[in-house]
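# An overview of the molecular structure
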Amino acid sequence: MQGFELGRDFLMGTATAALQIEGGDRNNNWYRWCELGKIKDGSHCLRANDHYNRVEEDIALMRAMHNDTYRLGLEWSRIEPAPGQWSREGLDHYRRELELLLDAGITPLVTLHHFSHPLWFEDMGGWENRRSPEIFRRYTRTVVENLGDLIRDWITINEPNVYAMGSFLTGEWPPGKKSIPAYFRVLRNMVLGHILAYREIHAVRSARNFPGPTRVGVANHIRVFDPEDNALARGAARRLDYLFHTIVVRGMAEGKLSFPLGTGGCPLGKGFYMDFFGLNYYSRDIVAFSWKNPGMLFARLKTDPELPKNDLGWDIYPEGLYRICKEYYAKYKVPIYITENGICDADDDQRPRYICDHLEQVARLRREGIPVERYYHWTLMDNFEWTEGESARFGLIHCNFETQERTLRNSARLYGEICKAKAVTPEMAAKYLGA
Ligand code: FCB
């Protein structure tokens with residue numbers, strides 16, 4: 001690899017989610033899912049990385065990697081343990097964490113909903129309940145009123161499409177429902193919840209004169225769906241793209257509920273509700289047509305035998321990052337934050353290359369004038385990876401879950417050098433990639 005520049009104004013860091021790292025919370029939907037024995041390796045989110053008690057240590061690790069920014073999630077159930085009841089302790093904990101980050105010179109980007117929420121919310125149907133957008137707005141308002149002086153950059157909801165699919169279509173995630181109508185009901189409510197939260201964040205921060213600018217977006221999970229070379233497969237790929245990406249992003253950005261989320265109208269008013277385009281990018285799928293898969297819109301997803309795979313068998317396809325950024329920038333013309341990008345790689349023999357290859361695409365986009373402004377690597381350290389449990393290792397830093405000892409992997413050292421230089425140099429490539 002020849003090396004490339006990212007630019008001094010490019011911000012870099014890591015991303016995490018509260019449930020996946022904090023440990024210790026019994027009042028959320030994933031706690032119950034773990035209790036029901038739904039985690040493949042039998043591990044439990046109660047343990048995770050014990051980050052709740054190790055905030056200083058983990059911020060020191062971010063500093064050691066020269067990170068400028070950090071994407072963290074708030075655990076809703078710690079803030080609103082019962083409907084309309086606010087926990088001082090929960091809010092104070094996050095205030096302290098945010099202050100520590102700012103003191104360390106690290107800009108926080110805060111996620112309000114990242115797959116987990118309080119049990120009382122789950123028990124009223126969660127995002128399937130018609131009142132869920134309003135309940136989410138109320139939670140958002142309290143967070144902004146109490147912590148909004150410290151947070152300029154917000155993600156309302158992480159990967160609405162992945163959440164709705166895992167929790168309401170395939171049933172692998174809590175509450176384990178398998179229903180196509182429920183999938184669309186949930187997406188519709190998440191779209192409305194996002195818009196209400198978007199408005200609330202701007203309104204409260206501006207009314208209180210909190211230091212700006214305020215930026216609010218969504219972490220969109222976008223995949224590349226490349227069809228096999230026949231008309232049926234092309235149709236299947238188009239339908240998937242529409243139902244998994246387009247209707248969600250359009251709803252969140254424009255307030256427009258396209259079929260089947262609605263009939264094309266904007267129930268909360270026409271507007272633009274996306275100050276940046278948050279992109280979580282991992283992989284691509286080859287789409288084949290299959291009569292056997294009506295539930296998947298007659299699509300069958302395949303991997304590409306030519307491409308390298310991560311530990312979970314996902315294709316590694318850096319060019320996809322480039323293609324998606326081009327496509328969505330052309331549509332929405334707002335700055336892009338790569339809010340997640342990473343690899344499950346326990347022995348860390350692919351991660352250094354993965355990082356360089358994906359950042360090379362970012363450098364290419366920036367050279368072409370596409371404003372990719374930030375990159376958050378998923379993830380800081382090995383954590384509780386939903387139903388995969390502790391076995392799937394996405395961390396730049398290795399975690400021994402028994403002792404909670406954190407050890408920098410080679411890729412963490414490389415990432416630190418890149419964050420410092422805002423470039424990949426030929427020396428780094430030689431040292432870490434052997435090329
Ligand atoms: C994303 C999730 C994140 C993590 C990575 C591997 O879909 O947002 O929490 O699970 O995948």
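Before reading further, recall that the structure is shown in the block above.
Cut-offs used in this document
Residues numbered from 1 in each chain as written. Predicted model: local features only at pLDDT ≥ 70, side-chain atom pairs only at ≥ 80, totals over all residues. Heavy atoms only, no water. Salt bridge = Lys/Arg side-chain N within 4 Å of Asp/Glu carboxyl O. Helix = DSSP H or I, 4+ residues; strand = E, 2+ residues; numbered from the N terminus. Buried < 20%, exposed > 50% of the residue type's maximum accessible area, 1.4 Å probe, protein only. Near = heavy atom within 4 Å. Polar contact = N/O pair within 3.5 Å; in protein donor to acceptor, adjacent residues only side chain to side chain. Areas by Shrake-Rupley, 256 points an atom, 1.4 Å probe, with all protein chains shown as cover. Nonpolar A, V, L, I, M, F, W, Y, C, P; charged D, E, K, R; others polar. Pairing = 2+ DSSP bridges. Axes fitted to C-alpha atoms, helices over the stretch in contact; angles between N-to-C directions. Contact = heavy atoms within 4.5 Å.

Pairs may arise between side chains of opposite charge once their charged atoms sit close together. Taken as a whole, this structure holds 41 salt bridges when the rule is applied. R47 serves as the salt-bridge partner of E402, at 3.4 Å between the closest nitrogen and oxygen. In this pair, E402 is assigned in the loop between β13 (397-400) and β14 (405-408) and R47 in the loop between α2 (29-35) and α3 (55-64), connecting sequence segments 355 residues apart. Classification of R47 as partly exposed rests on a relative accessible area of 33%. Taking the shortest distance from any N to any O, the salt bridge between E80 and R138 comes out at 2.8 Å. A residue pair is termed long-range when its members are at least 10 positions apart, and E80 in the loop between α4 (76-79) and α5 (88-103) and R138 in helix α7 (residues 132-147) qualify at 58 residues. The exposure class assigned to E80 is buried, which follows from its relative accessible area of 0%. The network of salt bridges with shared partners includes E134, R137, R141, E145, E200 and R208.

Okay, the site of the ligand next. Around the ligand, the structure places Q20, H114, F115, N158, E159, N280, Y282, E340, W378, E385, W386 and F394. Q20 places a side-chain nitrogen or oxygen 2.8 Å from an oxygen atom of the ligand. In the complex, the protein chains occlude 95% of the 290 Å² of accessible area that the ligand would expose alone. Among the residues making up the shell around the ligand, the classes are represented as five nonpolar, four polar and three charged.

Sheet analysis places β13 next to β14, joined by four bridges and oriented antiparallel. Bridged to C399 within β14 is R406. Taking the residues between adjacent antiparallel strands as the criterion, β13 and β14 are bridged by four residues, where Q404 takes a positive phi near 65 degrees.

Read from one edge of the open sheet, three strands run β7-β9-β10, paired in mixed fashion. Looking at which strands have only one partner, the edges of the open sheet turn out to be β7 (224-227) and β10 (299-302). Direction aside, neighbouring strands of the sheet carry axes that sit 40 degrees apart on average. Relative to strand β9 (residues 284-289), β7 runs parallel, the two being bridged by four bridges. Looking at β9, one finds that P227 is bridged to V287. In the packing of helix α10 (residues 231-254) onto the sheet, contacts are made with β7, β9 and β10, and the angle to β9 comes to roughly 130 degrees.

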